[in-house]
Amino acid sequence: MKLFKRILLGIFSLVVLVIGIGAIFLKTSPQFGGEASEEDRARYAKTGHYNGEIFLNEEEIVMEINCHSITQMIKEFWEPDPQVAPKEEIAVQQITPQTLIEKPDSLVRLTWFGHSTFLVEINGMNLLLDPIFGQVAAPHPLLGRKRFNSQMPISINDLPPIDAIIISHDHYDHLDYPSINQLKNKTEHFFVPMGVENHLESWDIAPERIHSLDWWEETTFKGLTIACTPSRHMSGRAFGDQSATLWGSWVIKDSTTNIYFSGDGGYGRHFKKIGERYGPFDIGLMECGQYNVLWKHVHMMPEETVMAGQDVKAKMIVPIHWGSFILATHSWIDPALRVTKKASEVGMPISTPRIGEPIVLGAHDFPHSRWWEAYEDSGNLHSSN
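If you're wondering where the values come from, they're calculated on a predicted model, not measured in any experiment.

Remarks on the overall build of the chain
Next up, step 1: Each helix and strand counted, the chain has 9 helices and 13 strands in total.
Next up, step 2: Taking all 385 residues of the chain together, 54% fall into the buried category.
Next up, step 3: In the chain, once contacts between residues fewer than 6 apart in sequence are set aside, the share between residues at least 24 apart is 71%.
Next up, step 4: For the chain, the computed accessible surface area is about 17700 Å², with 56% contributed by carbon and sulfur atoms.

As structure tokens, then:
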């Protein structure tokens, strides 16, 4: 009996210790960012898609929580696709700093850094989209699995000055505190959806450097038009702040080039609205990965990625949000297999660059190899939910 009591006391003490450490981490870690003031909330309420506590989607999202769905999620968590990650590290195409410095102003080049991170070179400027250069997409290294490549195409230190960083929303795989902390001294401006500015300000970024936009709001920046457009998603970095900040997609255009960046989100009617208002686009960077039928309203299936590209009137699409992190239970290669198959069926041009491989707009050719086949036996792959 005494031994049993000691075991119980040990378990209880361990639980209390873990809870205490977690509470201290939540209170003291800068990872979780800032909060909106009452004045902020009053400003958000004027948008028409904020109810005083959270932002709302134009179309309702349904994530059914019942015994069946919870059982299914637990089963998939413990028994994910056997190829949920590549069997070996993914090699990336390295970028030399000189390549990014010596270039004509007329060059429009987009380089995928994996997941949703892109370097966009346009009008002689450098823009970064959703930069995450770290090894995990989580508030702490112990809370996430490492990315599929240990090296990035180029380090933050070797990047040239960045004219602007554009953020789609505040989830950890899109707004990465360590990356922002390293980038903030070599970046002039930040463009974010409403509410995300509070995170950046808490990370010692001056308010005058932050441009916070609502859906359908646009601004000009050094010859570019930058517009925040809707997506069908959610936000949140800590317990209790679900959807406290806005999420969105982005339009980047000048007199000759039009780029669409989808951010995250489920398929919906907003894509056609964006296409009607801002299309056609020379290229659409379209979310394609970390999906499941249980949360299809907040992450598109690969076939819907192609449909969304058609809706926004993209001349070519690039699947993003895959190839770097395990954030769902499908095989890591499933997004590439399904999106390329659907694009071929409907005649949608699609570029599938390796990580670090540039796409030059206006060039006669673009990256379209099936590079992922070098890492897996594609004959053993299958489509997932």
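Notes on unusual backbone geometry
Glycine aside, a negative phi is what most residues show, and trans is what most peptide bonds show.
Next up, step 1: Note that the residue after G279, namely P280, is joined by a cis bond; omega there is 0°.
Next up, step 2: Here P280 is to be found in the loop between α7 (270-278) and β11 (283-287).
Next up, step 3: Unusually for a residue other than glycine, D130 sits at a positive phi of about 40°.
Next up, step 4: Along the chain, the position of D130 falls in the loop between β3 (125-129) and β4 (162-166).
Next up, step 5: On the accessibility criterion, D130 (0% relative accessible area) is buried.
Next up, step 6: With phi around 65°, Q290 is a residue other than glycine that occupies positive phi space.
Next up, step 7: Looking at the secondary structure, you find Q290 in the loop between β11 and α8 (302-311).

Let's talk about the confidence of the model for the chain
If pLDDT is low for a region, its predicted coordinates should not be looked at in detail.
Next up, step 1: Per-residue confidence for the chain averages 90 on the pLDDT scale, and 86% of its residues sit at or above 70.
Next up, step 2: The model gives residues 378-385 a pLDDT under 50, and that stretch makes 22 contacts with residues more than four places away or in other chains.

Concerning helix α9 (residues 334-346)
Given 3.6 residues to a turn, an α-helix orients residues that are three or four positions apart in the same direction.
Next up, step 1: If you check α9, its first and last C-alpha atoms are 19 Å apart, about what 13 residues at 1.5 Å a residue would give, namely 18 Å.
Next up, step 2: What α9 keeps buried is the set D334, P335, A336, L337, R338, V339, T340 and A343.
Next up, step 3: Packed against the buried residues of α9 are α8 and β12 (317-320).
Next up, step 4: Positioned one or two residues after α9, G347 has a phi angle of 75°, which is positive.

Regarding the pairing of strand β8 (residues 224-229)
Next up, step 1: Burial within β8 is extensive, with 5 of its 6 residues counted as buried.
Next up, step 2: One ladder, built from 5 bridges, connects strand β7 (residues 217-221) with β8; its direction is antiparallel. Counted as the bridge partner of T219 is I226 from β8.
Next up, step 3: Where β8 and strand β9 (residues 249-253) come together, 5 bridges link them in antiparallel fashion. For T229, the partnering residue across the bridge sits in β9 and is S249.

Overview of the packing of aromatic side chains
Next up, step 1: Enumeration over the complete set of coordinates arrives at 18 aromatic pairs.
Next up, step 2: The interplanar angle of 55° and the centroid separation of 4.7 Å between the aromatic rings of Y50 and F55 together place this pair among those described as tilted. Considered together, Y50 and F55 belong to a single accessibility category, that of buried residues.
Next up, step 3: Ring plane angle 55° and centroid distance 5.0 Å describe the contact between Y177 and W203, whose orientation is recorded as tilted. Remark: W203 occurs in the loop between α6 (197-202) and β6 (210-213) and Y177 occurs in helix α5 (residues 177-183); sequence separation between them is 26 residues.
Next up, step 4: For Y177, a relative accessible area of 17% corresponds to the buried category.
Next up, step 5: These aromatic residues form a ring-pair network of at least three members: W112, F148, W322, W332, W371, W372 and Y375.

About the criteria used
- Residues numbered from 1 in each chain as written.
- Predicted model: local features only at pLDDT ≥ 70, side-chain atom pairs only at ≥ 80, totals over all residues.
- Heavy atoms only, no water.
- Helix = DSSP H or I, 4+ residues; strand = E, 2+ residues; numbered from the N terminus.
- Buried < 20%, exposed > 50% of the residue type's maximum accessible area, 1.4 Å probe, protein only.
- Contact = heavy atoms within 4.5 Å.
- Areas by Shrake-Rupley, 256 points an atom, 1.4 Å probe, with all protein chains shown as cover.
- pLDDT = per-residue confidence, 0-100.
- Expected span 1.5 Å × (residues − 1).
- Pairing = 2+ DSSP bridges.
- Phe/Tyr/Trp six-rings, centres within 6.5 Å; stacked < 30°, edge-to-face > 60°.

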